[in-house]
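Each chain, letter by letter, is given below.
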Amino acid sequence: MSSIRPWRDIARRKSRQIMVGSVPVGGDAPITVQTMTNTPTADAKATIDQIRRCEDAGADLIRVSCPDVESTAAFREIVRAARVPLIADIHFHYKRALEAADAGAACLRINPGNIGSSERVAEVVRAAKANGCAIRIGVNAGSLEKDLLEKYGEPCPEALIESALDHIKLLQDHDFHEYKVAVKASDVFLAVAAYMGLAEAVDCPLHLGITEAGGLIGGTVKSSIGMGNMLWAGIGDTIRVSLSAEPEEEVRVGFEILKSLGLRTRGVRVVSCPSCARQGFDVIRTVEALESRLQHIKTPLSLSVLGCVVNGPGEARETDIGVTGGGNGKHMVYLSGVTDHHVSSEAMLDHIVSLVEAKAAEMEAGLGAENDDAREVDAAE
């Protein structure tokens, strides 16, 4: 069946599906959003507290670095406390991978090539199989193998792809197929070209990321350009936005990227104007306050906040709730695209928050009723 808006359709690359704990990655599963903790892993309480904030922000998967024995010892407690599957980040020391797998990691992030000999890779694979772990092959332009740098002269798409294929072969030689792959670079052009080439060469799930992207604003822009380009082309099964910012911010940005492309829906999608001299209220400060106060809403719904009547009514017709600035401190509120009532500047913030919360509760109740009806039909059949 053809879409009524074909210009919005994204045909996702067909990849095979793997399981990361209870979360499917690849195939027709939703594109997952992940982040990575930055607390000392040995400090289990601090790490669990940070994981909880990331979970509340919507993280589907969370990666935790395991650089030493103290970290893998604490990792067991951290896994028990987490509500989402955890990925153990391993570099060089293959024993940390064995310990993390035994401690309950849902996935091991490794480069098989820097784990050591084929025997050590085999040990990691055995531990992964025994514990039901997936493996994420993490190729990075900043840590390419010396022979590939000598062969190509510099990090380039061909070098990243060859490194990924070499690492894949190491796992396949040990009959291990529950893996996903990343070919990250801080250079947007390099990363996109590498992922595009790899997507044609393999059928495994791909983990997208622009590594070392920068701070909150710069990193968000780079990640949106790079990952947005690939996601729009249908490439990508799980994403991590790498920011020099708190990990929960990575999660929020990740969801915003997916929401903008219609690939995930979570929370309030705000449509707002940049403001100008026509505004009937302080749009910038209002939107900042609303975004902060509505972070707890997980139900997907839309809110338009426009400063005047030029575009306000048109945008409000397309959103669940809308507010358009008017004169004398009186602003029009729209419900389901229809003009409904006025609200004063002083009462507007609290009023819009209460309307969004009520709408979210109504939608959740409706969804619950639909699920109950479906269960009754199943039972009757």
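Residues numbered from 1 in each chain as written. Predicted model: local features only at pLDDT ≥ 70, side-chain atom pairs only at ≥ 80, totals over all residues. Heavy atoms only, no water.

Participant: Hey, could you run me through the environment of Val310 in this one?
Facilitator: Within the element layout of this structure, Val310 appears in the loop between β12 (301–306) and α12 (312–316). You can call Val310 exposed: its relative accessible area is 52%. Each C-alpha atom of the pair Val310 and Gly325 lies 9.8 Å from the other, and the pair is 15 residues apart in sequence. (Helix = DSSP H or I, 4+ residues; strand = E, 2+ residues; numbered from the N terminus. Buried < 20%, exposed > 50% of the residue type's maximum accessible area, 1.4 Å probe, protein only.)

Participant: So what exactly am I meant to see when it comes to the nonpolar core here?
Facilitator: Nonpolar side chains tend to gather and get buried jointly when the protein is soluble and globular. Phe75, Leu108, Val181, Leu206, Met227 and Leu231 are the most contacted members of the largest nonpolar core, which totals 82 residues. Not counting chain neighbours up to four residues away, the residues in contact with Val181 comprise Ile137, Ala164, Ile168, Tyr195, Leu198, Cys204, Pro205, Leu206 and His207. Residues Leu303, Val353, Leu355 and Ala360 belong to the second largest nonpolar core, which totals 20 residues. (Core = buried A, V, L, I, M, F, W, Y, C linked by side-chain atoms within 4.5 Å. Contact = heavy atoms within 4.5 Å.)

Participant: Any chance you could explain the layout of surface pockets here in plain terms?
Facilitator: Over the atoms a probe the size of a water molecule is rolled, and this reveals where empty space is left. Of the pockets and cavities examined, the largest pocket occupies roughly 880 Å³. Lining the largest pocket we find 27 residues, and of these Arg252, Glu256, Lys259, Glu291 and Gln295 sit closest to its centre. Counting only elements with at least two residues in the lining of the largest pocket, the list comes to α1 (44–57), α9 (216–232), α10 (247–260), β11 (268–272) and α11 (283–293). Ranked by residue count, the leading element in the lining of the largest pocket is α10, at 7 residues. Of the residues belonging to the lining of the largest pocket, the class tally is 11 nonpolar, 6 polar and 10 charged. The computed volume of the second largest pocket comes to approximately 410 Å³. Met36, Arg63, Thr211, Glu212 and Arg240 are, among the 27 residues lining the second largest pocket, the residues nearest its centre. Listing elements by their share of the lining of the second largest pocket, those giving two or more residues are β7 (134–140), β8 (179–184) and α10. Per element, the largest residue contribution to the lining of the second largest pocket is 4 residues, and it comes from β7. (1 Å grid on protein atoms, 1.4 Å probe; cavity = no way out; pocket = protein on both sides within 12 Å on 5 of 7 lines; lining within 4 Å. Points joined across faces, edges and corners; volume = space filled by probe spheres on them. Nonpolar A, V, L, I, M, F, W, Y, C, P; charged D, E, K, R; others polar.)

Participant: How should the packing of helix α2 (residues 69–81) against helix α3 (residues 94–103) be read in this particular structure?
Facilitator: A pair of packed helices is characterised by two quantities: the angle between their axes and the separation of those axes. α3 packs onto α2 with a crossing angle of 15 degrees between their chain directions and a minimal axis gap of 9 Å. Here α2 is positioned roughly parallel relative to α3, judged by the angle of their axes. Every pair of crossing elements has a handedness; the one defined by α2 and α3 is right-handed. Across the interface between the two elements, Val69, Thr72, Phe75, Arg76 and Val79 from α2 touch Arg96, Glu99, Ala100, Asp102 and Ala103 from α3. Taken together, the residues that form the contact of α2 with α3 break down as 5 nonpolar, 1 polar and 4 charged. (Axes fitted to C-alpha atoms, helices over the stretch in contact; angles between N-to-C directions. Parallel < 35°, antiparallel > 145°, perpendicular 65-115°, else oblique. Left-handed = near helix turned anticlockwise from the far one by under 90°.)

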